[in-house]
Amino acid sequence: MQKNKLFLAATITLFVFPLVAFLVSNFSRSFNYYEIFPERVSFLNLAIGLGFGVITSVIAVVILRLKKFKDLTHTYQVLFKDIDVTWGDIIFYSICAGVGEEIFFRGMLLEFVGVWPAAIIFVALHGYISFKSMPKLIYAVYLIIVSAGFGYLYIYTDLYAAMLAHAFYDVIMFWLLLKSKSTA
């Protein structure tokens, strides 16, 4: 994957996913795009979202550092080995995913299929579900739990908490790839 393709994918995620949710809202009687956004930002909800992002990303780092997951971690490292990303890139990609994907998957799709199906669809579309590799399947199950957690954040706090949790999780995962790349 090249850096410009990663930038394009992030930009598409930021703009196309919310656009699709908006368009669906125009044809749905049960989903209103504007209602997924709270009128006020709650700093308590943001703190809860940040806490969830911290806890789930730390657990993911621990999982991926286990010997059993070494090959899986190496697979992800290879995907990014030739991309020279900066901290600015990492933050941009993470914000794009956190905002765009949460609007689409939690704000819209969850309303139609529920928390767990939306989480499974989210992880499947990211290509993590594989029955050929037990470590990859175990990690996919963990990601489904994390994704469902984003859904419950949306339901019990607000969309901004889910966005922050998702973006922070992605920052830590990119950091892990970046750090492992510099030590390789």
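Residues numbered from 1 in each chain as written. Predicted model: local features only at pLDDT ≥ 70, side-chain atom pairs only at ≥ 80, totals over all residues. Heavy atoms only, no water.

1. Points about the overall build of the protein chain
(1) Moving on: A tally of regular secondary structure across the protein chain gives seven helices and zero strands.
(2) Moving on: Listing each helix as α and each strand as β along the protein chain from the N terminus yields α-α-α-α-α-α-α.
(3) Moving on: Summarising its shape, the C-alpha atoms of the protein chain cover approximately 50 × 30 × 30 Å along the three principal directions.
(4) Moving on: Put simply, the protein chain has 184 residues, and 45% of those count as buried.
(5) Moving on: Of all intrachain contacts in the protein chain linking residues separated by at least 6 positions in sequence, the fraction that spans at least 24 positions is 79%. (Helix = DSSP H or I, 4+ residues; strand = E, 2+ residues; numbered from the N terminus. Buried < 20%, exposed > 50% of the residue type's maximum accessible area, 1.4 Å probe, protein only. Contact = heavy atoms within 4.5 Å.)

2. Topic: a nonpolar patch on the surface
(1) Moving on: A cluster of nonpolar side chains, namely Leu50, Val54, Ile55, Val58, Ile59 and Val62, defines an oily patch on the protein surface of about 470 Å² accessible area.
(2) Moving on: Of note, Val62 is situated in helix 2 (residues 43-65). (Patch = residues over 30% accessible without salt bridge, like charges linked within 9 Å, V, L, I, M, F, W, Y side chains within 5 Å. Areas by Shrake-Rupley, 256 points an atom, 1.4 Å probe, with all protein chains shown as cover. Salt bridge = Lys/Arg side-chain N within 4 Å of Asp/Glu carboxyl O.)

3. So, the packing of helix 1 (residues 3-27) against helix 4 (residues 87-113)
(1) Moving on: As a packed pair, helix 1 and helix 4 sit with axes 9 Å apart at the nearest point and diverge in direction by 25 degrees. Considered as vectors, helix 1 and helix 4 are oriented roughly parallel to each other. Read as a crossing pair, helix 1 and helix 4 show a hand that is left-handed.
(2) Moving on: The residue makeup of the contact of helix 1 with helix 4, split by class, is 19 nonpolar, three polar and three charged. (Axes fitted to C-alpha atoms, helices over the stretch in contact; angles between N-to-C directions. Parallel < 35°, antiparallel > 145°, perpendicular 65-115°, else oblique. Left-handed = near helix turned anticlockwise from the far one by under 90°. Nonpolar A, V, L, I, M, F, W, Y, C, P; charged D, E, K, R; others polar.)

4. Some words on the side chain of Asp89
(1) Moving on: Examined against the element boundaries, Asp89 turns out to sit in helix 4.
(2) Moving on: In this structure the side chain of Asp89 is engaged in a polar contact, spanning 2.8 Å, whose partner is the side chain of Lys3. (Polar contact = N/O pair within 3.5 Å; in protein donor to acceptor, adjacent residues only side chain to side chain.)

5. Details of the nonpolar core
(1) Moving on: By size, the foremost hydrophobic cluster in this structure holds 52 residues, and its most contacted members are Ile36, Ile103, Tyr139, Tyr142, Tyr169 and Met173.
(2) Moving on: Mapped onto this core, the elements with two or more residues apiece are helix 1, helix 2, helix 3 (70-80), helix 4, helix 5 (115-125), helix 6 (134-156) and helix 7 (159-183).
(3) Moving on: Excluding anything up to four places from it in sequence, Tyr139 contacts Ala60, Ile63, Leu64, Phe69, Leu72, Tyr76, Tyr128, Tyr169 and Met173. (Core = buried A, V, L, I, M, F, W, Y, C linked by side-chain atoms within 4.5 Å.)

6. So, the side chain of Arg106
(1) Moving on: Relative to the elements of secondary structure, Arg106 occurs in helix 4.
(2) Moving on: Given a relative accessible area of 1%, Arg106 falls into the buried group.
(3) Moving on: For Arg106, the side chain forms a polar contact with the side chain of Glu102, separated by 2.8 Å.
(4) Moving on: Not counting residues up to four positions away in its chain, the partners in contact with Arg106 are Glu101, Glu111, Ala118, Ala119, Phe122, Ser147, Phe150, Gly151, Tyr154 and His166.

7. Considering the packing of helix 4 against helix 6
(1) Moving on: Where helix 4 contacts helix 6, the axes come no closer than 10 Å and their chain directions differ by 75 degrees. With respect to helix 6, the axis of helix 4 lies roughly perpendicular. Listed contacts from helix 6 to Glu102, Arg106, Gly107, Leu110 and Glu111 of helix 4 are Ser147, Phe150, Gly151, Tyr154 and Ile155.

8. Some remarks on helix 5
(1) Moving on: Every buried residue of helix 5 is accounted for by Val115, Ala118, Ala119, Phe122 and Val123. End-on, the buried residues of helix 5 take up no more than an arc of 130 degrees, which puts them together on one face.
(2) Moving on: Among the residues trailing helix 5, Gly127 stands out with phi positive, at a value near 80 degrees. (Arc of directions from axis to C-beta.)

9. What to know about the pattern of salt bridges
(1) Moving on: Summed over all chains, the structure comprises two salt bridges.
(2) Moving on: One salt bridge in this structure joins Asp89 and Lys3, with 2.8 Å as the shortest N-O distance. Of this pair, Asp89 sits in helix 4 while Lys3 sits in helix 1, and the two are 86 residues apart along the sequence.
(3) Moving on: Residue Lys3 is classed as partly exposed on the basis of its relative accessible area of 34%.

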